[in-house]
Amino acid sequence: MDRLQTILDDTLILMDASDPETDDFFSESLPTSAKAARDFRERAASLLQTSMQRLAYWCSAELRRLPLEGADVNMFLREALRRLAAREDLFHSTMAAFAETRAARWPEAFNMALVVGGPPPTYLPRPIELYAHDALRYVSDMLAWIHQAIASERELVTSLFSLLSIPGRSAPRVLDKPSEPENDLALVISAHGIEPKVLEMLIHRVLDRSMAGCCRPLRKRVQQTISAQRDATLILRLYFVLSFYRITIQHTLRESSPLCVTVNEYVRTHAKLTQGFIILPTLLLSMRCNS
């Protein structure tokens, strides 16, 4: 691929040199050389496009084989993604397929943690559903598992994109903006890599899609737990737990990500409930004092 790119660069220089306004001494030989350079360039471009397509197919196959936790990303895969980033269409389609695959596998792992527990033969830690009678621990364990999964997924995605970042620059934390378009991000490719801000936004987008599948089982169980509670103190404790994990998750995901939206929804619901539990007794007490 490097040789093909060198051929493309050299033929471009040769075609630029075949300007019809050059000296008459080269007027007879330049058209022939320009035609040969154009033929070489078309052939090299075709071979490079085929190589990129095969590279994208290989990257997709390798990304599908990566385990959910403890994945060992080899240098060949990182280098392949770095080269593939030069073709935005192939790169975005490859990463979209990767995110879809992870989005289908994480809910399965979450359900296994809820019902089965850890891997055999010990099956430790124990299934989270065993603590469904304890609402506070039940919700805390589910959110803790989600947070650990997000951290593991971010570590993997960051490792995959390690060769894409520009050396010597740190990527700032990118907060979600409502005005940000939903189409694919344009990769700002330079001689050294991708701009840190664009790379961080790309990491956020992959993470948001990968972890989106866990929203449905989490929402279902949290909703059932909340609706079954009648103790004001317990509801207040659940509000504190949800608020804590909302802040923690937002350090990794964007505010518009499905997981953050789900947690924010229950934080707002609990905020209304806790305000009712706090304000109503205060009003009753003040009415008694006035009477």
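Fair warning: this is a prediction, and the values are worked out from it, not measured in the lab.

A look at the confidence of the model for the protein chain
- Considering every residue of the protein chain, the mean pLDDT works out to 81; 77% of them sit at 70 or more.
- Within the protein chain, no element has a lower average pLDDT than helix α9 (residues 258-290), which sits at 69, and none a higher one than helix α5 (residues 135-160), at 95.
- Here residues 22-27 is a poorly scored stretch, pLDDT under 50, and it has 2 contacts once near neighbours within four places are set aside; other chains count.
- The low-confidence segment residues 171-184 (pLDDT under 50) makes 24 contacts with residues lying over four places distant or belonging to another chain.

Let's talk about the nonpolar core
- If you look at the biggest cluster of nonpolar residues, it comprises 60 residues, and the most contacted ones within it are F91, F98, I146, L160 and F161.
- Elements supplying a minimum of two residues to this core: α2 (29-65), α3 (75-84), α4 (88-115), α5, α6 (196-210), α7 (215-227), α8 (232-250) and α9.
- What F98 contacts, discounting residues up to four positions off in sequence, is L63, L66, E153, L156, V157, L160 and V206.

A short note on empty space enclosed by the protein
- All told, the structure shown has 1 cavity of 30 Å³ or more when counted by the stated rule.
- Of the voids in this model, the largest cavity is the one considered here, and its volume is about 30 Å³.
- If you trace the largest cavity, you find it lined by L143, L218, V222, L242, T262, V263 and Y266.
- When residues in the lining of the largest cavity are grouped by element, the largest group, 3 residues, is from α9.
- Across the lining of the largest cavity, the residue classes break down as 6 nonpolar, 1 polar and no charged.

Quick word on the state of the cysteines
- Enumeration according to the criterion identifies 0 disulfides in this entry.
- Residue C214 stays outside any disulfide, its sulfur separated by 7.2 Å from that of C215, the closest cysteine.
- The structure places no disulfide on C260, whose sulfur is separated from the nearest cysteine sulfur, that of C215, by 9.0 Å.

Some details on the environment of R219
- Within the secondary structure, R219 sits in helix α7.
- R219 sits in the partly exposed class, given a relative accessible area of 34%.
- Between the alpha carbons of R219 and T262 there is a distance of 6.8 Å; along the sequence they are 43 residues apart.
- If near-sequence neighbours (up to four positions away) are discounted, R219 is found in contact with T262, E265 and Y266.
- Within the local environment of R219, its side chain forms a polar contact with the side chain of T262, the two groups lying 3.0 Å apart.

Here we look at the packing of α5 against α7
- The interhelical angle for the contact between α5 and α7, taken along N-to-C directions, is 165°, at an axis separation of 10 Å. Here α7 runs roughly antiparallel to α5, going by the angle between their axes. Regarding α5 and α7, the two cross each other, and that crossing is left-handed. Residues A135, Y138, V139, M142, L143 and I146 of α5 form the contact with α7, whose own contacting residues are L218, R221, V222 and T225.

What about unusual backbone geometry?
- The omega angle of the peptide bond from P120 to P121 is 5°, so this bond is cis rather than trans.
- For Y123, which is not glycine, the phi torsion reads 55° and is therefore positive.

With respect to the pattern of salt bridges
- This structure, assessed with the given rule, holds 9 salt bridges.
- Residue E79 is joined to R82 by a salt bridge in which the shortest nitrogen-to-oxygen separation is 2.5 Å. Of this pair, E79 and R82 both sit in helix α3, 3 residues apart, which is roughly one turn of the helix.
- Assessed through its relative accessible area of 25%, E79 is described here as partly exposed.
- With a relative accessible area of 37%, R82 lands in the partly exposed category.
- The residue R221 makes a salt bridge to E129 at a minimum N-O spacing of 2.8 Å. Taken together, the positions of R221 in helix α7 and E129 in the loop between α4 and α5 put the pair 92 residues apart, joining distant regions of the chain.

The rules behind these values
Residues numbered from 1 in each chain as written. Predicted model: local features only at pLDDT ≥ 70, side-chain atom pairs only at ≥ 80, totals over all residues. Heavy atoms only, no water. pLDDT = per-residue confidence, 0-100. Helix = DSSP H or I, 4+ residues; strand = E, 2+ residues; numbered from the N terminus. Contact = heavy atoms within 4.5 Å. Core = buried A, V, L, I, M, F, W, Y, C linked by side-chain atoms within 4.5 Å. Buried < 20%, exposed > 50% of the residue type's maximum accessible area, 1.4 Å probe, protein only. 1 Å grid on protein atoms, 1.4 Å probe; cavity = no way out; pocket = protein on both sides within 12 Å on 5 of 7 lines; lining within 4 Å. Points joined across faces, edges and corners; volume = space filled by probe spheres on them. Nonpolar A, V, L, I, M, F, W, Y, C, P; charged D, E, K, R; others polar. Disulfide = S-S within 2.5 Å. Polar contact = N/O pair within 3.5 Å; in protein donor to acceptor, adjacent residues only side chain to side chain. Axes fitted to C-alpha atoms, helices over the stretch in contact; angles between N-to-C directions. Parallel < 35°, antiparallel > 145°, perpendicular 65-115°, else oblique. Left-handed = near helix turned anticlockwise from the far one by under 90°. Salt bridge = Lys/Arg side-chain N within 4 Å of Asp/Glu carboxyl O.

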